[in-house]
Amino acid sequence: QVQLVESGGGLVQAGGSLRLSCAASGRTFSIYAMGWFRQAPGKEREFVAAITWSGGATYYADSVKGRFTISRDNAENTVYLQMNSLKSEDTAVYYCAATRGSYFGIRDLRRDTKYDSWGQGTQVTVSS
């Protein structure tokens, strides 16, 4: 099993930046890709970004392209989400997820059903 712990959330003004971290432990050698999802009040969980563990290929939701950057440090078993130019609509609980699957394309990583492990989430609040 893979355990995930998010950190780095908080309160930030619109236009500001935050960097989220997700530390993985356990059977991290089995990870194929990791992703970030978010859920705002009254809305369903939505895909934000994903990255393959070995190759570093990335995929972003249209709503965050050009503003968010996902990256990973394999040696530290950590994935990051650098969030710039934050908007009030970015306010949500952000969840880190990991999948052991490797039988689908990177664009399939927008589907939350592809992931095996989830963190507890970290709150991001953007004030305007």
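Structure first, text after, so check above.
Since the structure is predicted, the reported quantities are computational estimates derived from the model, not experimental observations.

*Asks:* Hey, could you go over the state of the cysteines for me, with residue numbers and the actual values?
*Replies:* Scanning the model with the defined rule gives one disulfide in all. Put simply, Cys22 and Cys96 are joined by a disulfide, and their sulfur atoms are 2.1 Å apart. When the S-S torsion is -85 degrees, as for the bridge of Cys22 with Cys96, the disulfide is left-handed. Separated by 74 residues along the polypeptide, Cys22 in strand β3 (residues 18-26) and Cys96 in strand β9 (residues 92-99) bring together distant segments of the chain. In this pair, the class of Cys22 matches that of Cys96, namely buried.

*Asks:* Give a description of the pairing of β9 that names residues and reports values.
*Replies:* Of all the eight residues making up β9, seven are buried; the element is thus mostly covered by neighbouring parts of the structure. As paired elements, strand β4 (residues 33-39) and β9 share seven bridges and run antiparallel to each other. Counterpart to Gly35 in the pairing with β9 is Ala97. Bridge count between β9 and strand β11 (residues 122-127): three bridges; the pairing is antiparallel.

*Asks:* I'd like to hear about the pairing of β3, residue by residue, with values.
*Replies:* Bridging between strand β1 (residues 2-7) and β3 involves six bridges; their strand directions are antiparallel. From the neighbouring strand, Glu6 faces β3, where its bridge partner is Cys22. As judged from the six bridges shared by β3 and strand β8 (residues 78-83), these two strands associate in the antiparallel manner. Looking at β8, one finds that Ser21 is bridged to Tyr80.

*Asks:* Please set out the packing of aromatic side chains residue by residue, giving values where relevant.
*Replies:* The description of two aromatic rings rests on the distance between their centres and on the angle between their planes. Taken as a whole, this structure holds six aromatic pairs when the rule is applied. For the ring pair Phe37 and Trp118, a centre distance of 5.1 Å and an interplane angle of 55 degrees mean the geometry is tilted. In this pair, Phe37 is assigned in strand β4 and Trp118 in strand β10 (residues 117-118), connecting sequence segments 81 residues apart. By relative accessible area, Phe37 is classed as buried at 1%. With a centroid separation of 5.4 Å and an interplanar angle of 25 degrees, the aromatic rings of Phe47 and Tyr59 are classed as stacked. A residue pair is termed long-range when its members are at least 10 positions apart, and Phe47 in strand β5 (residues 46-52) and Tyr59 in strand β6 (residues 58-60) qualify at twelve residues. Of the two residues examined, Phe47 and Tyr59, each falls in the buried class. Feature note: the residues Phe37, Phe47, Tyr59, Tyr115 and Trp118 constitute an aromatic cluster, connected by ring pairs.

*Asks:* Describe the nonpolar core, listing the residues and the values that go with them.
*Replies:* If you look at the biggest cluster of nonpolar residues, it comprises 40 residues, and the most contacted ones within it are Met34, Trp36, Leu81, Met83 and Tyr94. Residues contacting Met83, with those up to four places away along its chain left out, are Gly16, Ser17, Leu18, Leu20, Arg67, Phe68, Tyr94 and Val124.

*Asks:* Residue-level account of the pattern of salt bridges, with values.
*Replies:* Counting across every chain of the model gives five salt bridges. Between Arg38 and Glu46 there is a salt bridge whose closest N-O contact spans 2.8 Å. Owing to a relative accessible area of 4%, Arg38 belongs among the buried residues under this scheme. Two residues, Asp90 and Arg67, come together in a salt bridge whose shortest N-O distance is 2.7 Å. Of this pair, Asp90 sits in the loop between β8 and β9 while Arg67 is found in the loop between β6 and β7 (68-73), placing the two residues 23 residues apart along the sequence. Residues Asp90 and Arg67 agree in their burial class; the two are buried. Through salt bridges with shared partners, a single ionic network connects Arg38, Glu46, Arg67 and Asp90.

Cut-off values and rules
- Residues numbered from 1 in each chain as written.
- Predicted model: local features only at pLDDT ≥ 70, side-chain atom pairs only at ≥ 80, totals over all residues.
- Heavy atoms only, no water.
- Disulfide = S-S within 2.5 Å.
- Helix = DSSP H or I, 4+ residues; strand = E, 2+ residues; numbered from the N terminus.
- Buried < 20%, exposed > 50% of the residue type's maximum accessible area, 1.4 Å probe, protein only.
- Pairing = 2+ DSSP bridges.
- Phe/Tyr/Trp six-rings, centres within 6.5 Å; stacked < 30°, edge-to-face > 60°.
- Core = buried A, V, L, I, M, F, W, Y, C linked by side-chain atoms within 4.5 Å.
- Contact = heavy atoms within 4.5 Å.
- Salt bridge = Lys/Arg side-chain N within 4 Å of Asp/Glu carboxyl O.

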